[in-house]
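An overview of the molecular structure
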Amino acid sequence: MTDSFQDWLRERSPARGLRGKSAAVLEVLLSQPRRAAFGSAGELAQLAGVNVATVTRTAQALGFAGWPALQQELRARYLSSLSAGQVAAEHRGSGSPSSRSLRRDLDSLALLNRRLDESVLLTIAQAVAAARRTAIVADGSYAAVGIALAHNARLAGYPVQAVTGGDAELANVMAAIGEGDVLIAISFWRLYESTVLAANEARSRGVRVFAVTDAASPALAAAAEEVVLVPAEGEAFFPSLTAGIAVAQALVTQLAAVDPARTGASIEAAEAMWTKFGLLHRRPAAP
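What this report covers is the structure whose coordinates are included nearby. Just so we're clear, the structure is a prediction, and the values are computed from it rather than from any experiment.

Spanning 13 residues, helix α9 (residues 118-130) covers 19 Å between terminal C-alpha atoms, matching the ideal 18 Å at 1.5 Å per step. Every buried residue of α9 is listed here: Val120, Leu121, Ile124, Ala125, Ala127, Val128 and Ala129.

Here it is, written out as structure tokens:
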């Protein structure tokens, strides 16, 4: 499920619209999404016949801190509109594919580190800690992010379930969800309609809803109390999970700090059970 690139941009515009040189910048964004997604602020300014400062002001008028923040979401939305083959074609380049992939992930982590609002992670962690239970909705390749987050959150002592088995499982979970619960929607590249439906249904039932995504659609953003935007562009035909896993790790680390005594007791109980089941083998003490 992908919202129209053009509709999204128009909805971001101020009620009175953009005028003069900013309107020229918006027209380039609307008419040349690929150039906007991959070009520099200078290139965009040249296309629009304006200076770089105008590009920055236009991005701010659309609700972003500046051009880099706007381009991150423009690029994610542009790529989400393409087929898997088209995405792969966009990333053809010189050099080793594996090296390009590693560099891309390093750049994404650096971008995430600069832009992540830690107060949002604290809000989500506190909500999960206070919740009766938490459902994490994740599917496709990015189900791995949801599984990792749910596994570690349970180890930290909280009832968290990753819903990764498709729409039938999701429907069953949604039938039982209600006030006092939390739902976290995780989605990169393609946003499934069922994920948006679950988020809105949960919100209507008094559930606190949060989203971790690379480009939040208006439908998902409207249902979510907070949205964590994660750079997820990869070098092949699928999104990179590196930054998403980093957010999951940061979130569960924050969660473990909410109630250290609870987390400590949970880990001790888990280790005792691992030992009983023969899963935990301690190394012999050094002589």
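There's plenty left to go through after this.
Moving on, we come to the nonpolar core. One finds Ile124, Leu149, Ile184, Ile186, Phe188, Val212 and Val228 to be the most contacted residues of the largest nonpolar core, which totals 35 residues. Top element by residues in this core is α9. It accounts for seven residues. In contact with Ile186, not counting residues within four places along its chain, are Ile136, Val137, Ala138, Tyr142, Val145, Gly146, Leu149 and Val212.

Let us look at the packing of aromatic side chains. A full pass over the atoms with the stated rule returns two aromatic pairs. Seen in terms of ring centroids, Tyr142 and Phe188 are 5.8 Å apart; in terms of plane orientation they differ by 75°. Their pairing is edge-to-face. With Tyr142 in the loop between β1 (134-137) and α10 (143-155) and Phe188 in the loop between β3 (182-187) and α12 (193-204), this residue pair connects regions lying 46 residues apart in the sequence. Residue classification places Phe188 among the buried positions, given a relative accessible area of 1%. Both rings, one in Tyr142 and one in Tyr192, keep their centres 6.3 Å apart while their planes meet at 40°; by these two values the pair is tilted. Of this pair, Tyr142 sits in the loop between β1 and α10 while Tyr192 sits in the loop between β3 and α12, and the two are 50 residues apart along the sequence. Residue classification places Tyr142 among the buried residues on the basis of a relative accessible area of 4%. An aromatic cluster of at least three residues, connected via ring pairs, comprises Tyr142, Phe188 and Tyr192.

Under the definition given, this model contains four salt bridges. The shortest N-O distance in the salt bridge between Arg133 and Asp181 comes to 3.3 Å. Of the two residues, Arg133 is situated in the loop between α9 and β1 and Asp181 in the loop between α11 (167-176) and β3; the sequence distance between them amounts to 48 residues. Judged by relative accessible area, Arg133 falls into the partly exposed class, the value being 33%. In this structure, Glu225 and Arg208 form a salt bridge, with 2.6 Å as the shortest nitrogen-oxygen distance. Taken together, the residues span a long stretch of sequence, with Glu225 in the loop between α13 (218-223) and β5 (226-229) and Arg208 in strand β4 (residues 208-213) at a distance of 17 residues. The partly exposed category is assigned to Arg208, whose relative accessible area is 35%.

The strand order across the open sheet built from five strands is β2-β1-β3-β4-β5, with neighbouring strands paired in parallel fashion. Lying at the two open borders of the sheet, with one neighbouring strand each, are β2 (160-163) and β5. For this sheet the average axis-to-axis angle between neighbouring strands, irrespective of direction, equals 15°. Two elements, β1 and β2, share four bridges in a ladder whose sense is parallel. Across the sheet, Ile136 pairs through a bridge with Ala162, a residue of β2.

Next up on the list: a nonpolar patch on the surface. Taken together, the side chains of Met273, Trp274, Phe277 and Leu279 make up a nonpolar region of the molecular surface, amounting to roughly 440 Å² of accessible area. Within the secondary structure, Phe277 sits in the segment after α15 (260-276). Accessibility expressed as a relative area gives 58% for Phe277, which makes it exposed.

Two numbers describe how helix α6 (residues 67-80) lies on helix α8 (residues 97-115): the axes approach to 12 Å, and their chain directions differ by 130°. Here α6 lies oblique to α8, going by the angle between them. You can see that α6 and α8 cross each other, and the crossing is left-handed. Residue-level contacts link Pro68, Ala69, Gln72 and Arg75 of α6 to Arg104, Leu111 and Arg115 of α8. Here the contact of α6 with α8 is composed, by residue class, of three nonpolar, one polar and three charged.

Counting along an α-helix, one turn takes 3.6 residues, and residues three or four places apart therefore face a common direction. For helix α1 (residues 5-12), the set of buried residues is Phe5, Trp8 and Leu9. With its buried residues spanning 95° around the axis, α1 presents them on a single face. Turned more than 90 degrees away from the buried face of α1, the exposed residues are Arg10 and Glu11. Among the structural elements, α2 (20-31), α3 (33-38), α6 and α13 are those in contact with the buried residues of α1.

Thresholds applied
Residues numbered from 1 in each chain as written. Predicted model: local features only at pLDDT ≥ 70, side-chain atom pairs only at ≥ 80, totals over all residues. Heavy atoms only, no water. Helix = DSSP H or I, 4+ residues; strand = E, 2+ residues; numbered from the N terminus. Expected span 1.5 Å × (residues − 1). Buried < 20%, exposed > 50% of the residue type's maximum accessible area, 1.4 Å probe, protein only. Core = buried A, V, L, I, M, F, W, Y, C linked by side-chain atoms within 4.5 Å. Contact = heavy atoms within 4.5 Å. Phe/Tyr/Trp six-rings, centres within 6.5 Å; stacked < 30°, edge-to-face > 60°. Salt bridge = Lys/Arg side-chain N within 4 Å of Asp/Glu carboxyl O. Pairing = 2+ DSSP bridges. Axes fitted to C-alpha atoms, helices over the stretch in contact; angles between N-to-C directions. Patch = residues over 30% accessible without salt bridge, like charges linked within 9 Å, V, L, I, M, F, W, Y side chains within 5 Å. Areas by Shrake-Rupley, 256 points an atom, 1.4 Å probe, with all protein chains shown as cover. Parallel < 35°, antiparallel > 145°, perpendicular 65-115°, else oblique. Left-handed = near helix turned anticlockwise from the far one by under 90°. Nonpolar A, V, L, I, M, F, W, Y, C, P; charged D, E, K, R; others polar. Arc of directions from axis to C-beta.

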